[in-house]
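In case you want the letters, here they are:
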Amino acid sequence: MAGLALAGPTGAVLAAAGDVRALLTRTELDRAGALRSAADRDDFLAAHALVRLCAGRLLGRPAQSLTVVQSCGACERPHGRPRLVEAPGTGVSLAHARGWVAAAAADGPVGVDVEAVDGTDVDWRTAGAVCTGKELAAVRSDPDPRRAFLRQWVRKESLVKVGAGTLDEAARLDLPVYGREPPRWRGWRLLDWGGTQAVGCVAAREEMRLRLLG
Ligand SMILES: CC(C)(COP(=O)(O)OP(=O)(O)OC[C@H]1O[C@@H](n2cnc3c(N)ncnc32)[C@H](O)[C@@H]1OP(=O)(O)O)[C@@H](O)C(=O)NCCC(=O)NCCS
Ligand SMILES: [Zn+2]
């Protein structure tokens, strides 16, 4: 069975999700409450609600019946890769970025990322640190370098989140830049989406279906 990814603007997701606070755990609500900016809180709430909607749809059960937990390998804080208490074999992932959110659920590991495309220039130091020479050359010669860089970035982050590598190793995640075929990396399938305002990517072993909201 194919996995499922859902993505869209935070406002559209909040409008579709109903009472998001009723879906989240006390721990997640406390994390949201600690965020200073209302926009960041909304992004957090929307992404954490969306991951339940996504997994609920995949598993054919109500989103309210799913508990998301997170633990960190490096500290005691309740953050890190999310998992479902009720469905430990189902992989879940979520992402939030200034007004945009994404979530994914699959029958195994899955990683999703989304980034807002803003008008600022490419940070070439970051780009140089995370891209291979070939990727960097393609980004530089693209008519829209900012978007081209974010496209590679979300692919790499989705691979990091699926567990295929770490952010420090991003430059070793050498991705095909402009293939006509959907990009892949060592058996991981990558599914891209996006327009002028945001770009996203989901990585999984299995085929993924994507639904855009809003
Ligand atoms: C995973 C990571 C690349 C994503 O960061 P980001 O671009 O800032 O944020 P995104 O919105 O795209 O994704 C964040 C979500 O990814 C998930 N996530 C966090 N760490 C993850 C991991 N190691 N693997 C998979 N998913 C992870 C969480 O659900 C998180 O959302 P939340 O904080 O609201 O719960 C980044 O958090 C990272 O590099 N983590 C590893 C190193 C680290 O954090 N160490 C500190 C430990 S104290
Ligand atoms: Zn930690």
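Scroll up for the structure.
Cut-offs applied
Residues numbered from 1 in each chain as written. Chains lettered and ligands numbered in written order. Predicted model: local features only at pLDDT ≥ 70, side-chain atom pairs only at ≥ 80, totals over all residues. Heavy atoms only, no water. Salt bridge = Lys/Arg side-chain N within 4 Å of Asp/Glu carboxyl O. Helix = DSSP H or I, 4+ residues; strand = E, 2+ residues; numbered from the N terminus. Buried < 20%, exposed > 50% of the residue type's maximum accessible area, 1.4 Å probe, protein only. Donors = N, O, S within 2.8 Å, 3.2 Å for Na, K, Ca; no water. Tetrahedral: all angles 85-135°; square planar, octahedral: opposite > 155°, others 65-115°. Pairing = 2+ DSSP bridges. Axes fitted to C-alpha atoms, helices over the stretch in contact; angles between N-to-C directions. Contact = heavy atoms within 4.5 Å.

## Comments concerning the pattern of salt bridges
And step 1. This structure, assessed with the given rule, holds 8 salt bridges.
And step 2. Among the ionic pairs, Asp30 bridges to Arg26, the shortest N-O distance being 3.0 Å. Within this pair, Asp30 and its partner Arg26 are both found in helix 3 (residues 26–33), separated by 4 residues, close to a single helical turn.
And step 3. Exposure remark for Asp30: the relative accessible area of 44% places this residue in the partly exposed category.
And step 4. A relative accessible area of 58% means that Arg26 is categorised as exposed.
And step 5. As a salt-bridge pair, Arg52 and Glu28 come within 2.6 Å of each other at their nearest N and O atoms. One end of the pair, Arg52, is in helix 4 (residues 38–59); the other, Glu28, is in helix 3, with 24 residues separating them in the sequence.
And step 6. Residue Glu28 is classed as buried on the basis of its relative accessible area, which comes to 2%.
And step 7. Taken together, the salt bridges that share partners define one network made up of Arg98, Asp118 and Arg146.

## Let's talk about the coordination of the zinc ion (ligand 2)
A four-donor tetrahedral metal ideally has 109.5 degree angles, and a six-donor octahedral metal ideally has angles of 90 or 180 degrees.
And step 1. Note on the zinc ion (ligand 2): its protein donors are Cys72 (SG), Cys75 (SG) and His79 (NE2). The metal-donor distances range over 2.0 to 2.3 Å.
And step 2. Coordination geometry of the zinc ion (ligand 2): the 4 donor atoms subtend angles of 104 to 115° at the metal centre, consistent with an arrangement described as tetrahedral.
And step 3. Summarised as a motif, the one-chain spacing of the donors to the zinc ion (ligand 2) is C-x2-C-x3-H.
And step 4. Of the residues examined, Cys75 reaches a relative accessible area of 25% and is grouped as partly exposed.

## Re the sheet that holds strand 5 (residues 100–106)
And step 1. Spatial strand order, 4-5-1-10: 4 strands in an open sheet with mixed pairing. With partners counted over all chains shown, the strands left at the sheet margins are strand 4 (91–97) and strand 10 (208–212), one partner each. The average angle at which neighbouring strand axes cross in this sheet is 10°, direction not considered.
And step 2. Judged from the 5 bridges that link them, strand 1 (residues 3–9) and strand 10 form a sheet pairing that is parallel. Across the sheet, residue Ala5 finds its bridge partner in strand 10, namely Leu210.
And step 3. In this fold helix 1 (residues 10–17) packs onto strand 1 and strand 5, with an angle of close to 115° to the strand it touches most, strand 1.
And step 4. Where helix 4 meets the sheet, it contacts strand 1, strand 4, strand 5 and strand 10, and its direction lies at approximately 30° from that of strand 5.

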